[in-house]
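# Architecture at a glance
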Amino acid sequence: MLEVIKPGLATTVQDLGRPGYYHLGIPLSGGMDQYALRAANLLVGNDEGAAVLEAVFLGPELKFGRDAIVAVTGADLPAKLDGSAQPGWTAFAVKAGQVLSFDFLKRGARAYIAVSGGIDVPIALGSRSTYLLGALGGLEGRALRAGDRLALGAPAGAAVAGRSVPEALRTLPAKEVTLRVLVGLYWHRITEAAGKAFFGDVWKVAPEADRIAYRFRGGKPLEFVPRTPPFGAGSDPSNIVDSCYPYGSVQVPGGTEPIVLHRDAVSGGGYCMVGTVISADMDLIGQMQPHTKTQFATVTMEQALAARRDRAAALQAVRDSLA
Amino acid sequence: MTMRYSFGGDEHLFVEVAEEMSLDAFFQSLSMTKAVRDAAIAGVTEICPANASFQVKFDPDVIAPDDLLALVRGLETQADAAEKVLDTRIIEIPVLYGDPWTHETMMRFRERHQDPTSTDLAYAARVNGYADEQAFIAAHAGSPWFVSMVGFVAGLPFLYQMVERAKQIEVPKYLRPRTDTPKLTIGHGGCFGAIYSVRGAGGYQMFGITPVPIYDPEQKISYLRDFMCFCRPGDILKFRAIDRAEYDQISAEVADGTWAPPMAPTRFVLADFLQDPAGTNARLVEALHA
């Protein structure tokens, strides 16, 4: 059992997510940085997809009701056990009664706290992930609150303190980030000059950056190709007949602020999308803080697939290093 | 219709059936998604129909994007040939038009509206050429609506009014989206209606509220025990105007678990509808009261 003394800012239970219901508006959810989530579980001897806590910007304070092996990965959010510093990306032992807390965030945005045995909340539609908008999954479909008690699963028994992910395999976002985009969807709706500016300009993550979407500001407004609005689309040049929204798709309401949808995405709507952030860069978005300077870079499908293979190889290297 | 194919990153194939909304485009999207589902393509993980488009999520480690594209494109002929017939259900949704809760919300966000001195109902009646709100409500509740897409948030149906295009209700969205919309608001934006399944942000004009929950993650509502989302693409909804007393009564009965929305199985034939919309609708609605 874990007792929540302080909840942090918006700490939620997450696992690998809830595929299969996007056609009914229920998004994937799950950890925004899946690589860090998997690594945290591997460190404590869990199945890679066990439920962990995702803490954003500010860590929680947790009192342990039983002995456990714990690991914190992802953002550089320094962990402390009864006040003494613990290394990140490293498994450490916790005794019943000890308190895990965190110093201020140094880098990144989201930390993953894995506990041997996993967080045991009820499974909803095949997943323990929290979907806040739909009040589904996790602990009563919401973020943690002070006083909450979280059940823990039975440890697999393979957990050993002291194991750590090699430095080279710890992913931390740079000060300036490049997000790779495959253009498409409604790219043809913006002018050639707007397309060039989109990739040429430097954007910044806006304060409106959460599990649903990341919004970007600072680039030039995008101009649209003139048209007669198609029936049902709406009168704004950025409107389309409401369609599905891919995860990672970059929509530009009014042409002003690109919005990249993430794992709690709204599943569809009526704004034109100019392309999609490739799957290999989605974890990185989950680690971006507001005000992070960002550029979008255009890539081909071949490059997107190569980047995806690189990500898979890095994860395999983590598995091998902990095997 | 010439379908337009585009990749949404390395995990989605996005297909625009038509740029503008129509029943034809909606049926084409349904036929295509059905064909893709029936084809049981290895690597396809999710198939999402939308109003006049659809999306296929896939695992590129299992199927190469271009291979998937070729397979889906190859289903066009089959989908074209599919009978434009839908075995579905018609569901009656009672609505308290001009209710106090959407009214309160509307007043809080009045400066974001095209016509701050009017109400959403009065404005929609005026821009659609109805004499008054009552005439507008009669039209809104007078013909059935297709659930042409479920999404935005969990269980939210997009609704397409089953009348000739010239008679379709059209209203612009709010100038700037609201940060709040009551749960179960009956909204409208562009040519689409919607029922807000959860409380939250929204830009659609607000006409009323239904006492009928359509999303229940706890699955305590009697008719949502099997599945937490009520609406599915292809469902046909028919609104019925109710007064406050009936609203309160249905709300109480829903809470008791003694009320479920009236519904009946029905068959929709697109050709029949296109030939005689009013007659086809009348037959559909009859099924509710059979």
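Residues numbered from 1 in each chain as written. Chains lettered and ligands numbered in written order. Predicted model: local features only at pLDDT ≥ 70, side-chain atom pairs only at ≥ 80, totals over all residues.

Quoted interface sizes are often the accessible area lost when the parts come together. Residues and elements named next belong to chain A. Partitioning chain A into structural domains gives domain 1 (2–169) and domain 2 (176–313). In this structure, domain 1 and domain 2 have C-alpha centres spaced 29 Å apart. At the junction of the two partners, domain 1 supplies 19 residues and domain 2 supplies 13 residues. Per element, the largest residue contribution to the side of domain 1 that touches domain 2 is 3 residues, and it comes from strand β10 (residues 107–115). Counted by class, the side of domain 1 that touches domain 2 contains 10 nonpolar, 7 polar and 2 charged residues. (Domains from an automatic or database assignment. Contact = placed C-beta atoms within 7 Å. Helix = DSSP H or I, 4+ residues; strand = E, 2+ residues; numbered from the N terminus. Nonpolar A, V, L, I, M, F, W, Y, C, P; charged D, E, K, R; others polar.)

With that settled, the discussion passes to the sheet that holds strand β8 (residues 92–94) of chain A. Paired through backbone hydrogen bonds, the strands of a sheet run either parallel or antiparallel to each other. Residues and elements named next belong to chain A. One open sheet accounts for 5 strands, arranged β2-β3-β10-β5-β8; its pairing is antiparallel. The open sheet has two free edges, formed respectively by β2 (12–14) and β8, since each of these has just one partner strand. Within this sheet the neighbouring strands show an average axis-to-axis angle of 35 degrees, counted without direction. Alignment of strand β3 (residues 52–56) against β10, held across 4 bridges, turns out to be antiparallel. From the neighbouring strand, glutamate 54 faces β10, where its bridge partner is tyrosine 112. In this fold helix α1 (residues 34–43) packs onto β2, β3, β5 (68–76) and β10, with an angle of close to 155 degrees to the strand it touches most, β5. (Pairing = 2+ DSSP bridges. Axes fitted to C-alpha atoms, helices over the stretch in contact; angles between N-to-C directions.)

Quick look at the sheet that holds strand β1 (residues 4–8) of chain B now. Residue and element names in this part refer to chain B. Ordered by their spatial adjacency, 4 strands build an open sheet running β1-β2-β4-β3, and the pairing between neighbours is antiparallel. The open sheet has two edge strands with one neighbour each: β1 and β3 (44–49). Put simply, the sheet's adjacent strands are angled 15 degrees from each other on average, direction ignored. Pairing of strand β2 (residues 12–16) with strand β4 (residues 53–58) involves 5 bridges; the strand directions are antiparallel. Note that in β4 the partner of valine 15 across the bridge is phenylalanine 54. Sheet strands touched by helix α2 (residues 65–73): β1, β2 and β4. Its angle to β2, the strand with the most contacts, is close to 35 degrees.

Quick look at unusual backbone geometry now. Residue and element names in this part refer to chain A. A positive phi angle, near 55 degrees, is found at serine 29, a position not held by glycine. Tracing the sequence through the fold places serine 29 in the loop between β2 and α1. For serine 29, a count of 33 C-beta atoms within 10 Å corresponds to the buried category. In this structure, leucine 185 is a non-glycine residue whose phi angle is positive, near 60 degrees. Within the element layout of this structure, leucine 185 appears in the loop between β12 (176–183) and α2 (192–200). (Buried ≥ 20, exposed ≤ 12 C-beta atoms within 10 Å, placed from the backbone.)

Attention shifts here to the nonpolar core. Note that soluble globular proteins tend to have their nonpolar side chains buried in a common cluster. One finds Ala40, Val44, Val52, Val70, Ile113 and Ala114 of chain A to be the most contacted residues of the largest nonpolar core, which totals 179 residues. Ignoring anything within four residues of it in the chain, the contact list for valine 44 of chain A reads Ile69, Val70, Ala71, Ala91, Ala114, Val115, Ser116 and Ala159 of chain A. (Core = buried A, V, L, I, M, F, W, Y, C linked by C-beta atoms within 7 Å.)

Residue and element names in this part refer to chain A. As a packed pair, α1 and helix α4 (residues 301–322) sit with axes 10 Å apart at the nearest point and diverge in direction by 10 degrees. As summarised for this structure, α1 and α4 are arranged roughly parallel, according to the angle between their axes. Contacts between α1 and α4 pair Tyr35, Arg38, Ala39, Leu42 and Leu43 from the former with Leu315, Val318, Arg319 and Leu322 from the latter. Of the residues contributing to the contact of α1 with α4, the split by class is 7 nonpolar, no polar and 2 charged. (Parallel < 35°, antiparallel > 145°, perpendicular 65-115°, else oblique.)

Residues with a pLDDT of 70 or more make up 100% of chain B, whose mean pLDDT is 95. Interface confidence in the predicted complex, given as ipTM, is 0.96; pTM for the same model is 0.95. (pLDDT = per-residue confidence, 0-100.)

This next bit is on the domain arrangement of chain B. Residue and element names in this part refer to chain B. Partitioning chain B into structural domains gives domain 1 (4–82) and domain 2 (87–288). For domain 1 and domain 2, the distance between their C-alpha centres works out to 28 Å. Taken together, the 8 residues of domain 1 in the interface contact 9 residues of domain 2. The element contributing the most residues to the side of domain 1 that touches domain 2 is helix α1 (residues 23–39), with 4 residues. Of the residues in the side of domain 1 that touches domain 2, the class split is 7 nonpolar, 1 polar and no charged.

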